[in-house]
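Okay, here's what each chain looks like letter by letter:
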Amino acid sequence: MSFFRSILVTGGAGFIGSNFVHYVHARHAGCKITVLDALTYAGNLENLAGLLEDKRLKFIKGSIADAPTVREAMTGCEAVFNFAAETHVDRSIQEAGTFIETDVLGTYTLLRAACDIGVEKFVQISTDEVYGSSSGEHFEETSPLKPGNPYSASKCGGDLMCQAFFNTFQAPVVITRSSNNFGPYQHVEKFIPLFITNTIEGKELPLYGDGKHERDWIYVEDNCAAVELVSTRGRSGEIYNIAAGESRPNIEVAETILELLGAPKSRIVFIEDRKGHDRAYLMDSTKTEALGWSRRYDFRGALENTVEWYRSNDTWWRHVKSGAFRKYYDKHYKEKLEKGKTRGI
Ligand code: NAD
Ligand code: DAU
């Protein structure tokens, strides 16, 4: 099956969503893309710079939990890619209400509209965190859900709603569950961008607990390629794991970042551990590989690319750290979006 002629990308101003928009825009010249994004603290129109002026892209500011806005955005789209979510584990430990609203109620609202409109495919972007912490076993798509924090519990709620809509209404849903992504446009609250930018700024790197928690880092472009493939070759009702297959302790990643930027290991400081901190996530992605996917980027090379990207996009991350990206939004887009302009903004 060839790629779609029109798609809705929710959360397209966030990290993975904006990478996916760039990815599809560059590869499918005939595809019209509608982005629906609430522009929360994590949504940044600078991530879509260069694309917003293009008439192939339509941008709607709004929540996936708002049914009328969702219907307006989805009408005319053949496929939906739901990247929109509250995503930061530490924030969910402080307050989880917005996580439940977006990750559960928002997903439900999208599914309702998808059934009414009759889209061809609904791709739910989920996470390895739904399986909970691994003690060495590699989770398969049939492994039980065992969320360890309020964020992953909310993502489980969205995934279960998708499965219920497939079973009850034959909604054409596929779920992707990927491991930790890294690459351009990732918010500086997350581990790798925080550690890269803190190193550049001469600050300390705050490592939680003993620093031996492990993550399986996948370069964001590899995840985008898998999501694209699952959307056209994946079977409705099925789940697809997307893992790099190379887990490594946080301290090793921190030391590699310091080495790449020529800074001493003494910049690392061990701080109080995250509450309920999952030790490791491990998944088996044989099922996705059987569709024809394999990762293209090795960790070291992709980390070098990422460090270089943050080095040469100093203004981007300084705007995020200082909150100045909001002023950029107010200056360039606020008035147009409030007047209802969605194309060529
Ligand atoms: P992000 O936090 O960078 O971006 C989330 C985007 O969603 C932002 O643009 C935000 O404005 C938007 N958003 C939030 N609430 C919204 C709402 N109610 N309506 C519309 N838009 C809303 O997130 P990310 O890291 O790019 O993650 C994208 C998706 O991938 C999420 O579903 C996440 O659970 C999943 N995921 C992320 C990773 C990772 O390592 N980052 C790994 C696996 C899965
Ligand atoms: O596994 C997929 C998940 O990866 C996604 O579903 C989430 O949306 C995404 O945020 C990410 O969750 P993590 O909690 O794994 O990512 P984070 O970048 O917050 O942390 C990565 C590891 O680094 C984790 O073990 C905690 C640790 N850490 C993080 C921060 C922010 C630190 O040691 N210090 C820090 O300051």
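Residues numbered from 1 in each chain as written. Chains lettered and ligands numbered in written order. Predicted model: local features only at pLDDT ≥ 70, side-chain atom pairs only at ≥ 80, totals over all residues. Heavy atoms only, no water.

## As for the overall build of the chain
Alright, step 1. Tallying secondary structure elements over the chain gives twelve helices and 13 strands in all.
Alright, step 2. Once the C-alpha set of the chain is aligned to its principal axes, its extents read approximately 55 × 50 × 35 Å.
Alright, step 3. Every one of the 345 residues in the chain was classed for burial, and the buried ones make up 56%.
Alright, step 4. In the chain, 83% of the contacts between residues at least 6 apart in sequence involve partners at least 24 apart.
Alright, step 5. Of the roughly 14,300 Å² of accessible surface on the chain, a fraction of 49% belongs to carbon and sulfur atoms. (Helix = DSSP H or I, 4+ residues; strand = E, 2+ residues; numbered from the N terminus. Buried < 20%, exposed > 50% of the residue type's maximum accessible area, 1.4 Å probe, protein only. Contact = heavy atoms within 4.5 Å. Areas by Shrake-Rupley, 256 points an atom, 1.4 Å probe, with all protein chains shown as cover.)

## Thoughts on the packing of helix H6 (residues 191–201) against helix H10 (residues 299–312)
Alright, step 1. For the pair H6 and H10, the least separation of the axes is 10 Å and the interaxial angle reads 55 degrees. The orientation of H6 relative to H10 falls into the category oblique. Crossing handedness for the pair H6 and H10: right-handed. Contact with H6, carried on its side by Ile192, Pro193, Ile196, Thr197 and Ile200, involves Leu303, Thr306, Val307, Tyr310 and Arg311 of H10 and no other residues of that element.
Alright, step 2. Of the residues contributing to the contact of H6 with H10, the split by class is seven nonpolar, two polar and one charged. (Axes fitted to C-alpha atoms, helices over the stretch in contact; angles between N-to-C directions. Parallel < 35°, antiparallel > 145°, perpendicular 65-115°, else oblique. Left-handed = near helix turned anticlockwise from the far one by under 90°. Nonpolar A, V, L, I, M, F, W, Y, C, P; charged D, E, K, R; others polar.)

## Some points on the site of ligand 1
Alright, step 1. Ile16, Asp37, Thr87, Tyr151 and Lys155 are the nearest of the 28 residues found near ligand 1.
Alright, step 2. Between an oxygen atom of ligand 1 and a main-chain N or O atom of Gly14, the distance comes to 2.9 Å.
Alright, step 3. Within the backbone of Ile64, one N or O atom sits 2.9 Å away from a nitrogen atom of ligand 1.
Alright, step 4. For ligand 1, the accessible surface in isolation is 840 Å², of which the surrounding protein chains cover 96%.
Alright, step 5. Of all elements in the fold, only helix H1 (15–27), strand S5 (121–127) and helix H5 (150–169) reach the threshold of two or more residues within the shell around ligand 1. (Near = heavy atom within 4 Å. Polar contact = N/O pair within 3.5 Å; in protein donor to acceptor, adjacent residues only side chain to side chain.)

## Here's the deal with the environment of His319
Alright, step 1. Summarising the element assignment, His319 is placed in helix H11 (residues 314–322).
Alright, step 2. When the C-alpha atoms of His319 and Asn44 are compared, they prove to be 9.9 Å apart, with 275 residues separating the residues in sequence.
Alright, step 3. If we skip the residues at most four places from it in the chain, His319 touches Glu46, Ala324 and Phe325.

## Quick word on the side chain of Arg267
Alright, step 1. With respect to the secondary-structure elements, Arg267 resides in the loop between helix H8 (250–260) and strand S13 (268–271).
Alright, step 2. Of the side chains bearing the opposite charge, Glu204 lies closest to the buried Arg267, which forms no salt bridge; the N-O distance is 8.2 Å.
Alright, step 3. Side-chain polar atoms of Arg267 contact the backbone oxygen of Thr199, separated by 3.2 Å.
Alright, step 4. Those residues within four positions of Arg267 in sequence are excluded, and the remaining contacts are Asn198, Thr199, Gly202, Lys203, Glu204, Leu205 and Leu258. (Lys, Arg positive; Asp, Glu negative; His and termini not counted. Salt bridge = Lys/Arg side-chain N within 4 Å of Asp/Glu carboxyl O.)

## Quick look at the sheet that holds strand S1 (residues 6–10)
Alright, step 1. One open sheet accounts for seven strands, arranged S3-S2-S1-S4-S5-S6-S11; its pairing is parallel. At either end of the open sheet lies a strand with only one pairing partner, and these are strand S3 (57–61) and strand S11 (239–242). Looking at each pair of strands side by side, their axes are set apart by 20 degrees on average, direction ignored.
Alright, step 2. By the bridge criterion, five bridges tie strand S2 (residues 32–37) to S3 in an arrangement that is parallel. Looking across to S3, one finds that Val35 is bridged to Phe59.
Alright, step 3. Where helix H4 (residues 97–117) meets the sheet, it contacts S1, strand S4 (79–82), S5 and strand S6 (173–178), and its direction lies at approximately 165 degrees from that of S5. (Pairing = 2+ DSSP bridges.)

## Comments concerning the site of ligand 2
Alright, step 1. Around ligand 2, the surrounding shell holds 21 residues, and the nearest of these are Asp128, Tyr151, Asn180, Arg274 and His277.
Alright, step 2. A distance of 2.5 Å separates an oxygen atom of ligand 2 from a polar side-chain atom of Asp128.
Alright, step 3. Contributing elements (two or more residues each) for the shell around ligand 2: H6 and strand S8 (205–208).
Alright, step 4. Considering each element in turn, the shell around ligand 2 owes the most residues, three residues, to S8.

## Observations concerning helix H2 (residues 67–74)
Alright, step 1. Looking only at H2, the buried set comprises Thr69, Val70, Ala73 and Met74. All buried residues of H2 lie within an arc of 125 degrees about the axis, which places them on one face of the element.
Alright, step 2. Buried positions along H2 lie against S1, S2, S3, S4 and H4.
Alright, step 3. Phi turns positive one or two residues past the end of H2, at Gly76, with a value near 90 degrees. (Arc of directions from axis to C-beta.)

## Here we look at the side chain of Glu189
Alright, step 1. You can see Glu189 is positioned in the loop between strand S7 (181–182) and H6.
Alright, step 2. Taking relative accessible area as the criterion, Glu189 reaches 17% and is therefore assigned buried.
Alright, step 3. Side-chain polar atoms of Glu189 contact the side chain of Arg91, separated by 2.8 Å.
Alright, step 4. Among all residues touching Glu189, those that are not within four sequence positions of it are Tyr41, His88 and Arg91.

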